[in-house]
Amino acid sequence: MKIMANRMDRGFFRYQKEFEDKALEVLRSGWYVLGNEVKSFEEEFAAYTGSRYCVGLASGLDALWIAFRVLGIGPGDEVLVQGNTYIASVMGITMNGATPIFVEPDEYFNMDTAKLEEKITERTKAILAVHLYGQASKMDTISDLAKKYNLKLVEDCAQSHGARFDGQMTGTFGDVGCFSFYPSKNIGAFGDGGAVVLKDKKLAEDFRIFRNYGSEKRYYNKLVGANSRLDELQAGLLRVRLRHTEECERERCRIAERYLKELKNPKLLLPGVREGATAVWHQFVIRTSRREELIAYLNEREIGTIIHYPIPPHLSEAYQGLGYGRGSFPITEQYADEVLSIPMYNGMTEEEQTCVIEALNSF
Ligand SMILES: *Cc1c(COP(=O)(O)O)cnc(C)c1O
């Protein structure tokens, strides 16, 4: 049985009729950008996260860089972020000319908050909390430090739709929560999409103006903005996704629970969940010092895996200019060498999971 690391088609076919009806409805409406679907999605997504406002944007990266832009963070400013994140988190900072300051991760793959305060300088302006792989970061400590040092708090929720810390939804702790709806995310569009959620009305207005060439009123431009709009088709399809998100989340939790219960191989380190945090299992990430061997072993059995991520941002060619090298962030680098995401997707069958579990246990 061939098993892929991810199957986006399964998530489509389960609700095929609803998606197709909505697509036709939007196509036949004659209105394709900034209309009722976007407006309704923004309201529904704000309600889902428990925040006041939502502004739809073109991608998760746009949500991040525009967030720092409207918060006034730029050259000379430092932003604290975990070293082991997807490179887009870092680009959101550097696209504004600000400097990322990397913090090592803890055992839950998120920012080690015990190492956060020592990184704060007079140039520090913000913390970017990433909820990697779908598990909430330690938001009590992060929020306290942001308040204590008067720092902006931005959350990268591209992998954490629905994850909570102390019962509160990720994305609602700080100034701005940034979401991606890239097709492989837990709430995925059928193309690119993103959004921010926030509680401040004025800030929400800043995002609305910025995403539309800096114009509040057509052809009257207040500032140099961007073209970063969630389109009507994606917004409509995301509304269908949103109707089923709790069911999909429960399914991912069931799959994760079974992995945690039935994977028994001392060569593999299984992921843990922090006290107070919930995980929505965007990825199920194991660690092993024998990764190459394991990947080959699984490949022979036609089981796909993905490494999230093989090269940490500070070692990527794109960030040579920051001046880091091997050894700068040893834990981040160790994770990059050891992590492996095993098959996890909505619509995964019991047989498929049994096959993955048997293969992993016999390695
Ligand atoms: C996917 C992702 C992004 C970027 O989102 P896009 O919509 O692909 O631009 C940012 N941060 C993290 C952690 C992500 O996983």
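Calculation notes
Residues numbered from 1 in each chain as written. Predicted model: local features only at pLDDT ≥ 70, side-chain atom pairs only at ≥ 80, totals over all residues. Heavy atoms only, no water. Near = heavy atom within 4 Å. Polar contact = N/O pair within 3.5 Å; in protein donor to acceptor, adjacent residues only side chain to side chain. Areas by Shrake-Rupley, 256 points an atom, 1.4 Å probe, with all protein chains shown as cover. Helix = DSSP H or I, 4+ residues; strand = E, 2+ residues; numbered from the N terminus. Nonpolar A, V, L, I, M, F, W, Y, C, P; charged D, E, K, R; others polar. Buried < 20%, exposed > 50% of the residue type's maximum accessible area, 1.4 Å probe, protein only. Arc of directions from axis to C-beta. Contact = heavy atoms within 4.5 Å.

## Section: the site of the ligand
Surrounding the ligand, one finds 13 residues, the nearest of these being Gly60, Asp156, Gln159, Ser180 and Lys185. Interatomic distance of 2.8 Å between a side-chain N/O atom of Asp156 and a nitrogen atom of the ligand. Look at the ligand: alone it shows 380 Å² of surface, and the protein chains cover 91% of it. Elements supplying a minimum of two residues to the shell around the ligand: α4 (60–70) and α5 (87–94). Take the shell around the ligand: its biggest share by element is 3 residues, from α4. The class makeup of the residues in the shell around the ligand is 6 nonpolar, 5 polar and 2 charged.

## With respect to helix α10 (residues 291–300)
Within α10, the full set of buried residues consists of Arg291, Leu294, Ile295, Tyr297 and Leu298. Taken end-on, α10 shows its buried residues confined to a sector of 160°, consistent with a single buried face. Along α10, exposed side chains directed more than 90 degrees from the buried face belong to Glu292 and Glu300. In this structure, the buried side of α10 is in contact with β12 (284–287), α11 (330–338), β13 (339–342) and α12 (350–362). Following α10 by one or two positions, Glu302 adopts a phi angle in the positive range, close to 60°.

## Some points on unusual backbone geometry
Each neighbour pair has its own omega, and for His308 with Tyr309 the value is 10°, a cis peptide bond. Look at Tyr213: it is not a glycine, yet its phi comes out positive at around 60°. By relative accessible area, which is 44% here, Tyr213 ends up partly exposed. Of note, Glu302 is a non-glycine position whose phi angle comes to about 60°, a positive value. Looking at where Glu302 falls in the secondary structure, it is placed in the loop between α10 and α11.

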